[in-house]
Every structure is written in C-alpha cells, then in structure tokens.
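Spelled out, the chains give:
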Amino acid sequence: MAVLVAGGAGYIGSHTSIELLNSGYEVIIVDNLCNSNKSVIDKIEKLSGKKVRFYELDICQREKLEVVFKENKIDSIIHFAALKAVGESVEKPMEYYSNNLISTLSLFELMKKYNIKKFVFSSSATVYGDPHTCPILEDFPLSTTNPYGRTKLMIEDMLRDICKADKTLDVAILRYFNPVGAHKSGEIGELPNGIPNNLMPYITKVAIGELEELSVFGDDYPTHDGTGVRDYIHVLDLADGHVKALKKLEENPGLVTYNLGTGKGYSVLDLVKAFSKASKKEVPYKIVGRRPGDVAMCFADSSKAERELGWKAKYKIDEMCEDSWRWQNTHSKKI
Ligand code: NAD
Ligand code: WQD
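This one's a predicted model, so the numbers in the text were calculated from it and none came from an experiment.

Reading the values: the criteria
- Residues numbered from 1 in each chain as written.
- Chains lettered and ligands numbered in written order.
- Predicted model: local features only at pLDDT ≥ 70, side-chain atom pairs only at ≥ 80, totals over all residues.
- Heavy atoms only, no water.
- Core = buried A, V, L, I, M, F, W, Y, C linked by side-chain atoms within 4.5 Å.
- Buried < 20%, exposed > 50% of the residue type's maximum accessible area, 1.4 Å probe, protein only.
- Helix = DSSP H or I, 4+ residues; strand = E, 2+ residues; numbered from the N terminus.
- Contact = heavy atoms within 4.5 Å.
- Near = heavy atom within 4 Å.
- Polar contact = N/O pair within 3.5 Å; in protein donor to acceptor, adjacent residues only side chain to side chain.
- Areas by Shrake-Rupley, 256 points an atom, 1.4 Å probe, with all protein chains shown as cover.
- Pairing = 2+ DSSP bridges.
- Axes fitted to C-alpha atoms, helices over the stretch in contact; angles between N-to-C directions.

Visitor: I would appreciate a short explanation of the nonpolar core in the present structure.
Guide: One broad trend across soluble globular proteins is that nonpolar side chains are buried collectively. The biggest cluster of nonpolar side chains holds 37 residues, and the ones touching the most others in it are L20 and L174. Counting residues per element, the ones that place at least two in this core are β1 (2–6), α1 (11–22), β2 (26–31), α2 (39–48), β6 (170–176), α8 (235–249), β11 (255–260) and α10 (303–309). Looking at this core element by element, the count peaks at six residues for α8. Each residue touching L174, except ones within four places of it in the same chain, is listed here: V120, F121, S122, S123, S124, G241, H242, A245, Y258 and L260.

Visitor: How should the site of ligand 1 be read in this particular structure?
Guide: Among the 28 residues in the neighbourhood of ligand 1, the closest are listed as D31, N35, S36, N99 and Y148. I59 places a main-chain nitrogen or oxygen 3.0 Å from a nitrogen atom of ligand 1. N99 places a side-chain nitrogen or oxygen 2.8 Å from a nitrogen atom of ligand 1. In isolation ligand 1 exposes 820 Å². Once the protein is present, 96% of that is buried.

Visitor: Mind showing me how you'd approach the sheet that holds strand β4 (residues 76–79) here?
Guide: One key point about sheets: their strands pair by backbone hydrogen bonds, in either a parallel or an antiparallel sense. As summarised here, the arrangement of the seven strands in space is β3-β2-β1-β4-β5-β6-β11, forming an open sheet in which the pairing is parallel. Looking at strand neighbours, the two that pair on one side only are β3 (53–56) and β11, the edges of this open sheet. Strand-to-strand twist across the sheet, computed as the mean angle between neighbouring axes with direction ignored, equals 15°. With four bridges joining them, β2 and β3 adopt parallel strand pairing. By the bridge assignment, I29 is partnered in β3 with F54. Here helix α6 (residues 147–165) sits on the sheet and contacts β5 (118–124), β6 and β11; the angle it forms with β5, its principal contact strand, is near 150°.

Visitor: Looking at this structure, I do not really get the environment of K314. What am I missing?
Guide: Take K314: it is sitting in the loop between α10 and α11 (317–333). On the accessibility criterion, K314 (54% relative accessible area) is exposed. Sequence spacing of K314 and E45 is 269 residues, and the spatial spacing of their C-alpha atoms is 25 Å.

Laid out in structure tokens, this is it:
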C-alpha cells in the first residue's frame, strides 16, 4: 500500500512517515521544504532502514503535483502540508488562506481524477475555539478565532461536504491537541523558524541558553495555578494514531473524526516543572500579561479514538520533556 504524505518532511509528517514505513507501507513524500529541511528525508530513511520517494514541490501547483500521481500508484493520502503559526496567520492571512486551501483543493482534485478514496487530514484542537467545558468531545461546537484556525475549519467543512456527496470516500479528520516530543534517536524533531511561538520549543531554548527566560502568558486564568492548561501529546503517539486511522479507513467507515490527545491537562507551570525535572535544568520565567486569543483550558476526551481505532496515547509528560530535551541538545550541537 502506497501512501502519499503531503508535508512529510515536517515535524509530525516525518515521525508519521517512519511509523508508516515500519508498518510496511510504501511512502511517497511531497514537500516544498518551506518549513523543513531536505536532510529530514535522509533521516527518515536512516531511522526506518527503508527508502522513500521524495518530490520537492509546492502542492498548490496542481500540474507539478500531478506528476507524482502519474508516476506512483497511490492508495491513500495523509495531508500534513500547511502553514501553522497562529500569530503569523493574523499578520498574513492571504498567505495562510492561499497556501492551506489551494494545496488542499489540488489534492482533492487529483484524488478524484486518480480515483483515490482514502484521505487523512491534520486538523487541530483550534477548531473548538474557546470550549465551554473540558474534556472536549468531537461533537462539541466548532469555531475559530484566527485565519490559521479558519483554514482548518474550512477544510473540515469541505471534507464533510465532499463525503456527503460521494459515499465511496473514506476520510479521517484527526484533531491534534498540543504536539511535543521528538524521535527517540534525537535525530528528528520540531524545527521552529526563529523564536518559537509554542511553549515546549520555547522552554527547550531557554534551558539550552539560546533564550533568556520564558514569558508565562497570564497567571489569572481559572485553572489550578492560574496559568493556561493544555493537553500535550507526544509526536510518536500522533504518528501511531495516523497509522491506526489508515487501518480504520480500510473498513470503509466514510467520514470519521477523532481527537488525538492524552486527556490530561497540564498548566504552563506544570510543564516548566516537569521539564526541569527531566532535563535537570532550571527554566527561568516571568509572568506577563495574557496572550490575545489564548483560552484558559483545552484538553481532549480521546475515548472515541480508543474505542474505534484501538489508539491511546502511551507517552507521559516526563518522557515528552526528556525527548524534547534530547532533540534540542542533539540539534543545537549541529548548528
Ligand atoms: P510543519 O511545518 O513541521 O510541517 C508541515 C510541512 O508542510 C513542512 O515540511 C512544510 O515545508 C510543508 N508544506 C507547507 N506548505 C506546503 C506546500 N504548499 N507544498 C508542499 N509542502 C508544504 O508542521 P507540523 O507541526 O508537522 O504540522 C503538520 C500538520 O499538523 C499541519 O497541517 C498543522 O496545521 C497540523 N497541526 C499541527 C499542530 C502543531 O502544533 N504542530 C497542531 C495541530 C495541527
Ligand atoms: C500553550 C500554553 C500559552 C508560549 C497552538 C495553536 C494550536 C495548535 C497548537 C496548530 C498557552 C502558554 C506559550 C510562551 C506561554 N497548533 N505559553 N509562553 O496556544 O495551546 O496552541 O499550538 O494547530 O492551533 O494555537 O499552544 O504552545 O502556543 O501555548 O506562557 O512563550 O503555553 O499561553 O497557555 P496553544 P502554545
């Protein structure tokens, strides 16, 4: 079975590609490397001991993308390719709408033309907006607060419409909570451009001395210590979730939607503490004002994925911190 992994050189795509190869799938990666590096492809091959076919191209360019469909017999598609920085999406909404939507449309068009029926989409907990309560179930109301989130919700809506019109399609929408961690080898992990927006990469850069101190965005939320609570999930658990979702699509379920989270919420200060324990490094921080658009609390009920996919997050917060730290150490020694 050959899987086209769009955005497979990126953070979650690279870990998923290894998991797919280890599970016996053939992997074809398409990525324009706008937020990743060609060396990741070599690492995927090294870590899995298998070959991948790699095409460096922009998925928005449908004619160029079609070459991939002509040259390969593709059974299914996993679509990771997107721009993903929330703040940047507010500054540059057109880039986000254009990249995230056009890339998806060109995949949909080629899927139809080449009669491919199985599609897995990277969605996000961001589609739940400010949830009225936690843990969050898949049928909670959907809303978004920024252009990035809107691209995710628009694509989800498109998928719901497309699957309603064509009952032969099998689609899995996977809503990830807060991905962290890295491959156990320390060879691949998240490569944020410039100063990280997300908490874990910010913490690891403070711990290694590249950044001075962490700014904790608000300590007056209605949470146990006043700082924001999130559901951090190891990228290796996410990778496993994609393989299980592909297996599910073999049962022809039509459109299915799953939360991929651990079900446990950790505050910013909980994460700082867990990280310091795992890395034996102090993480200096100061409390600053709230970041606009942040919600107090966001964690998943992932029991649907457990019931229907046989998937459950295995990695605990300590291991997420250890693996993020190992990656930070290995990676920063190379630059
Ligand atoms: P990433 O930036 O590391 O990976 C995305 C990959 O897609 C990159 O390698 C990038 O070069 C590629 N890409 C982007 N636009 C492209 C285009 N037009 N043509 C070809 N390649 C293109 O991001 P990630 O963290 O691995 O996220 C993967 C997916 O998961 C994204 O869709 C993201 O929105 C979603 N997601 C991520 C998070 C998170 O916090 N990391 C959370 C929820 C959902
Ligand atoms: C986590 C917590 C911050 C940085 C984002 C996207 C979401 C999804 C995952 C893609 C919050 C606090 C953070 C810092 C801090 N991505 N924080 N200081 O905002 O939950 O989710 O990434 O789909 O769409 O919105 O993640 O890691 O940015 O923040 O205090 O320097 O850490 O306020 O409480 P978030 P995050």
